[in-house]
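# Summary of the model geometry
Given next are the chains, with one letter for each unit.
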Amino acid sequence: MPRPFWLVRPRADGGCDYVSFLPGPGTPSAATPCDATIEMREGCHLPPQMPLLKRRLWLPLAEAEAQRLRLQEEGGYRRSDPLF
């Protein structure tokens, strides 16, 4: 997951919850070294308002992959194009 990856879950109020996975500082984008760091951002968005960032974590690549799978399987998130 060295490239940006977005997950989105719609909400009843017309907005959505989102989780983005972005390469952390110093992570090469072409390779996937074992010590790569991924920045995970969780938030919500209700247009036309500004997106709200709820949580921001830096995780090892393996843990970020596990979080992504859990969110897709248990959290109802689906892959999406970047929201903003």
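In this report, the structure presented in the accompanying data block is examined. Being a predicted model, the structure only gives us computed values, none of them experimental. (Residues numbered from 1 in each chain as written. Predicted model: local features only at pLDDT ≥ 70, side-chain atom pairs only at ≥ 80, totals over all residues. Heavy atoms only, no water.)

A few words on the overall build of the chain. Helix and strand content of the chain: one helix and five strands. If you list the helices and strands of the chain from N to C, you get β-β-β-β-α-β. Classification of the 84 residues of the chain by burial places 38% in the buried group. Look at the contacts in the chain between residues 6 or more apart in sequence, and 48% of them connect residues 24 or more apart. For the chain, the exposed surface amounts to about 5,300 Å²; the carbon and sulfur share of it is 56%. (Helix = DSSP H or I, 4+ residues; strand = E, 2+ residues; numbered from the N terminus. Buried < 20%, exposed > 50% of the residue type's maximum accessible area, 1.4 Å probe, protein only. Contact = heavy atoms within 4.5 Å. Areas by Shrake-Rupley, 256 points an atom, 1.4 Å probe, with all protein chains shown as cover.)

This paragraph deals with the packing of aromatic side chains. Enumeration according to the criterion identifies four aromatic pairs in this entry. By way of ring pairs, the aromatic residues Trp-6, Tyr-18 and Phe-84 are connected into one cluster. Across the ring face of Phe-5, the terminal group of Arg-68 is positioned such that the distance to the ring centre comes to 5.3 Å. (Phe/Tyr/Trp six-rings, centres within 6.5 Å; stacked < 30°, edge-to-face > 60°. Lys NZ or Arg CZ within 6 Å of the ring centre and 35° of its normal.)

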